[in-house]
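What the coordinates show
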Amino acid sequence: MEKIISYPLSAIYYLFFGIILVIFHVIQWICFNLFGYKAHKKSVDILNFFLVANTRLLGTRYKVSGLEKLPVDTPLIIASNHQSLYDISTICWFMRKIHPKFISKIELGKGIPSISYNLNHGGSVLIDRKDPKQALSTIRIMAEYIETNKRSAVIFPEGTRSKTGKPRPFAENGLKILCKYAPSAYMVPVTINNSWKMTKWGFFPVGLGNRIELIIHDPVPVKSKPFAELFSETEQAVTGSIRI
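This write-up is about the structure you can find in this document.

The next thing to look at is the overall build of the chain. What the chain contains, in helices and strands, is 7 helices and 8 strands. For the chain, the C-alpha radius of gyration of 17 Å lies close to 18 Å, the compact-globule estimate for 244 residues. With the C-alpha coordinates aligned to their principal axes, the bounding extent of the chain is approximately 50 × 45 × 40 Å. The proportion of buried residues among the 244 residues of the chain is 48%. Summarising the internal contacts of the chain: among those between residues at least 6 apart in sequence, 76% fall at separations of at least 24. Carbon and sulfur atoms provide 61% of the accessible area of the chain, an area that totals close to 11,800 Å².

Structure (structure tokens):
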């Protein structure tokens, strides 16, 4: 029954989703080219507000804990599990005060209104997962960027989405590069729950009545302990709070 009800609601949802992306593509262009970073950042914040609000048509609710733990005016490395594309707008909106920038796959860098534009102009980086050398050098650029500008890099160490919510093993290379070249950063483990249920039937229809949970764990200065220990503790913090 839920799936049957979801068909018309999903059609309405995607109609508004497309309209939002097209309108804010134009708004982003104007803000970036005429007014610079601050205006563009504000436009992206408002874009993500509408993307999150639009999911409420599907009965989606949000629970966020730990926002008060986030340091300000310092570089942050956000290490999160990855369950669906809904993770992106959730992090962007609820963690907007720390200027989250994404390490994203290169395929998302073109062809998607608003999303591709923001990835190319908002401080995020695009990596080619088929070219490890390019990927690691690009992550280094991101690390140097957040170190200089005191912003936040979001990385999904699993490498790809978990379609069932069950966590995949973390890969350490990306995190190691970020820690090395952003030495004043804090590592912030983040757990996302239930966003995979939005796509449990694939792209269409969308899951109904889900509660997406965002848990922000205690930040840890990357210089405070050896990387191997920091990596292990980060993975444990993230995966230990995943609810299947």
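A word on unusual backbone geometry. Backbone phi values are negative for most residues with the exception of glycine, while trans is the configuration of most peptide bonds. Each neighbour pair has its own omega, and for F204 with P205 the value is -5°, a cis peptide bond. Tracing the backbone through its elements, the reader meets P205 in the loop between β6 (186–193) and β7 (211–216). Phi angles above zero are rare outside glycine, and H99 is one such case at about 55°. Of note, H99 is situated in the loop between α3 (86–94) and β3 (100–105). Within the chain, S114 stands out as a residue other than glycine whose phi angle is a positive 70°. If you trace the backbone, S114 turns up in the loop between β3 and α4 (115–121).

Let's shift gears to the pairing of β3. Taking burial as the measure, the 6 residues of β3 include 5 buried ones, the bulk of the element. Across 3 bridges, β3 lies against strand β5 (residues 152–155) in parallel orientation. Looking across to β5, one finds that P100 is bridged to S152. In the classification by handedness, the crossover that spans β3, the intervening α4 and the parallel strand β4 (residues 125–127) is right-handed.

Right, let's talk about the pattern of salt bridges for a bit. Enumeration over the complete set of coordinates arrives at 7 salt bridges. The closest approach of N and O atoms between E213 and R243, which form a salt bridge, is 2.2 Å. Taken together, the residues span a long stretch of sequence, with E213 in strand β7 and R243 in the segment after α7 (227–240) at a distance of 30 residues. Accessibility expressed as a relative area gives 5% for E213, which makes it buried. Of the charged contacts, one joins E233 and K225 as a salt bridge, the two residues approaching to 2.7 Å between their closest N and O atoms. Relative accessible area serves as the criterion here: at 22%, K225 is assigned to the partly exposed category.

A word on the environment of Y13. You can see Y13 is positioned in helix α1 (residues 2–35). Given a relative accessible area of 2%, Y13 falls into the buried group. When the C-alpha positions of Y13 and L57 are compared, they lie 6.6 Å apart, and in sequence the two are 44 residues distant. Not counting residues within four places of it along the chain, the set of residues in contact with Y13 comprises N54, T55, L57, L58, Y86 and V206.

It is worth spelling out the packing of aromatic side chains at this point. Counted under the stated rule, the structure contains 14 aromatic pairs. Aromatic side chains F227 and F231 sit 5.8 Å apart centroid to centroid with 35° between the ring planes, which places their arrangement in the tilted category. With F227 and F231 both in helix α7 and 4 residues apart, the pair spans about one turn of that helix. Take F227 and F231: they sit in the same class, and that class is buried. Put simply, the rings of Y7, Y13, Y14, F17, Y86, F203 and F204 pair up and form one aromatic cluster. For the cation-ring pair, R151 lies above Y37, with the distance from its terminal atom to the ring centre recorded as 3.8 Å. The ring of W201 has K200 lying over it, and the distance from NZ or CZ to the ring centre is 4.8 Å.

So, how was this worked out
Residues numbered from 1 in each chain as written. Predicted model: local features only at pLDDT ≥ 70, side-chain atom pairs only at ≥ 80, totals over all residues. Heavy atoms only, no water. Helix = DSSP H or I, 4+ residues; strand = E, 2+ residues; numbered from the N terminus. Rg over C-alpha atoms; globule rule 2.2 N^0.38 Å. Buried < 20%, exposed > 50% of the residue type's maximum accessible area, 1.4 Å probe, protein only. Contact = heavy atoms within 4.5 Å. Areas by Shrake-Rupley, 256 points an atom, 1.4 Å probe, with all protein chains shown as cover. Pairing = 2+ DSSP bridges. Right-handed = clockwise from strand over helix to strand, strands pointing away. Salt bridge = Lys/Arg side-chain N within 4 Å of Asp/Glu carboxyl O. Phe/Tyr/Trp six-rings, centres within 6.5 Å; stacked < 30°, edge-to-face > 60°. Lys NZ or Arg CZ within 6 Å of the ring centre and 35° of its normal.

Any functional reading would require information that these geometric values do not contain.
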